[in-house]
Amino acid sequence: MPRIVAPSMLSADFGHLDRDTRMVGRSAAEWIHIDVMDGVFVPNISFGFPVLKAIRKASDKCLDVHLMIVEPERYVERFVEAGADIVTFHYEAARDIPACINLIRKAGARVGISVKPATPVEVLRDILPLVDMVLVMSVEPGFGGQAFIPASLQKIADLRAMVRRQGLDTLIEVDGGISARNAGAVFAAGADVVVAGSSVFGAADPEAEIVRMLEA
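To start, this report covers the structure provided alongside it. Each chain has its residues counted from 1, running along the sequence as written. Residue-level local features of this predicted model are given only where pLDDT is at least 70; pairs of side-chain atoms are given and counted only at 80 or more, and the full residue set underlies all totals for whole chains, interfaces and linings. With hydrogens and water set aside, each side-chain value is computed from the structure's full complement of heavy atoms.

1. Some words on helix α8 (residues 206-214)
Within α8, burial applies to Pro 206, Glu 209, Ile 210, Met 213 and Leu 214. The arc enclosing the buried residues of α8, seen along the axis, measures out at 140°, which places them on a common side. Where the residues of α8 are buried, they touch β1 (4-7), α1 (17-26), α6 (183-189), β8 (193-196) and α7 (198-201). For each residue, the accessible area found with a 1.4 Å probe, counting protein chains only, is set against the maximum for its type, and the residue is called buried under 20%, exposed over 50%, and partly exposed in between. The way it works is that DSSP assigns letters per residue, a run of H or I at least four long becomes a helix, a run of E at least two long becomes a strand, and they are numbered from the N terminus. The arc in question is traced by the directions running from the helix axis to the C-beta atoms. When checking whether two residues touch, look at their non-hydrogen atoms; a contact exists if any pair is within 4.5 Å.

Dropping the structure here:
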């Protein structure tokens, strides 16, 4: 199974966004994770199309865009136009999940769907064949720097078993409270991709921290 680290730009220094984006570009991280918050689905507001476009100009790595917004159907095409390679929306936020999936595919991006900690992965059973990736939130979405929820490991393992039973190659991404200390357990449970924000950008050597996570 592949191991991918996707540093979350939510924890970058917004005063030096170009510098931090280029640091990720030099690093062993294959993806760049971009959290979009609307202040409605989650309490905080982050950033939108202009920031995504600026990051796209500074990097040719995969831009992994996580929409924590209500009515994602209204915006997914614009995020693809702004540079997203993967667009992930929340199971709990979409009014019409198949329509949202179709809009993302039609726009030319890969499709991800995310579930909050309280949402069981079983709700995705029939959706799995329609998406490229499932994002398991291992903290409550909307805030950086939270502690990893230990029960997420079983949730990841259950999802991996479901993917295997259906004979799919759906990627599993995990976001929240991940660092070099627990990345190994997250990968061992069945994750392909881990998102890391404060553990990367708060490290004395962010590039070395990314390598430690990949080798955990």
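2. Describing the pairing of strand β4 (residues 86-90)
Counting buried residues in β4 gives 5 out of 5 residues, a clear majority hidden from the surface. Residues Ile 86, Thr 88 and His 90 point to one face of β4 and Val 87 and Phe 89 to the other, with burial holding for every one of them. Pairing geometry for β4 and strand β5 (residues 110-115), over 5 bridges, is parallel. Bridging from a neighbouring strand, Ile 86 pairs with Arg 110 of β5. Pairing between two strands requires that DSSP report at least two bridges joining them.

3. Observations regarding the layout of surface pockets
Note on definitions: the grid is 1 Å and covers protein atoms alone; a cavity is a set of points where a 1.4 Å probe fits but cannot get out; a pocket is an open set with protein on both sides within 12 Å along at least five of seven lines; lining residues have an atom within 4 Å of a point. Grid points are joined across faces, edges and corners, and a volume is the space filled by probe spheres set on the points. Quantified by volume, the second largest pocket comes out at close to 170 Å³. For the second largest pocket, the full set of lining residues is Val 36, Met 37, Asp 38, Phe 47, Gly 48, Phe 49, Ile 69, Val 70, Glu 71, Arg 74, Tyr 75 and Phe 79.

4. Notes on the packing of aromatic side chains
Stacked, tilted and edge-to-face are the three classes assigned to paired rings of Phe, Tyr and Trp, where Trp is represented by its six-membered ring and a pair needs centres within 6.5 Å; plane angles under 30 degrees give stacked, over 60 edge-to-face, the rest tilted. This structure, assessed with the given rule, holds 2 aromatic pairs. Note on criteria: charge over ring means Lys NZ or Arg CZ within 6 Å of the ring centre, with the direction from the centre no more than 35 degrees off the ring normal. Against the face of Phe 41 rests Lys 116, its NZ or CZ located 5.1 Å from the ring centre.

5. Re the nonpolar core
Buried Ala, Val, Leu, Ile, Met, Phe, Trp, Tyr and Cys residues that are joined via side-chain atoms within 4.5 Å together make up what is termed a nonpolar core. One finds Met 9, Ile 34, Phe 89 and Val 174 to be the most contacted residues of the largest nonpolar core, which totals 61 residues. Look past the residues within four positions of Phe 89 in its chain and what remains in contact with it is Leu 67, Pro 72, Ala 94, Ile 97, Cys 100, Ile 101, Ile 104, Val 111, Gly 112, Ile 113 and Ser 114. Counting residues in each nonpolar core, the second largest holds 9 residues, with Ile 4, Cys 62, Leu 171 and Val 195 among its members.

6. Examining the side chain of Lys 155
Inspection of the secondary structure puts Lys 155 in helix α5 (residues 152-165). Polar contacts involving the side chain of Lys 155 include one to the main-chain carbonyl oxygen of Pro 117, which spans 3.0 Å. Excluding residues within four positions of it along the chain, Lys 155 makes contact with Val 115, Lys 116, Pro 117, Ala 118, Thr 119, Val 121 and Val 136. Residues adjacent in sequence count toward polar contacts only when both atoms are side-chain atoms; beyond that, a polar contact is any pair of N or O atoms within 3.5 Å, and within protein one must be able to donate a hydrogen and the other to accept it.

7. What to know about the environment of Val 139
Relative to the helices and strands, Val 139 is located in the loop between β6 (133-137) and α5. The exposure class of Val 139 is buried, given its relative accessible area of 4%. Along the primary structure Val 139 and Asp 60 are separated by 79 residues, whereas in three dimensions their C-alpha atoms are 29 Å apart. Non-local contacts of Val 139, meaning those with residues more than four positions away in its chain, are made with Pro 117, Gln 146, Ala 147, Phe 148, Ile 149, Asp 175, Gly 176 and Gly 177.

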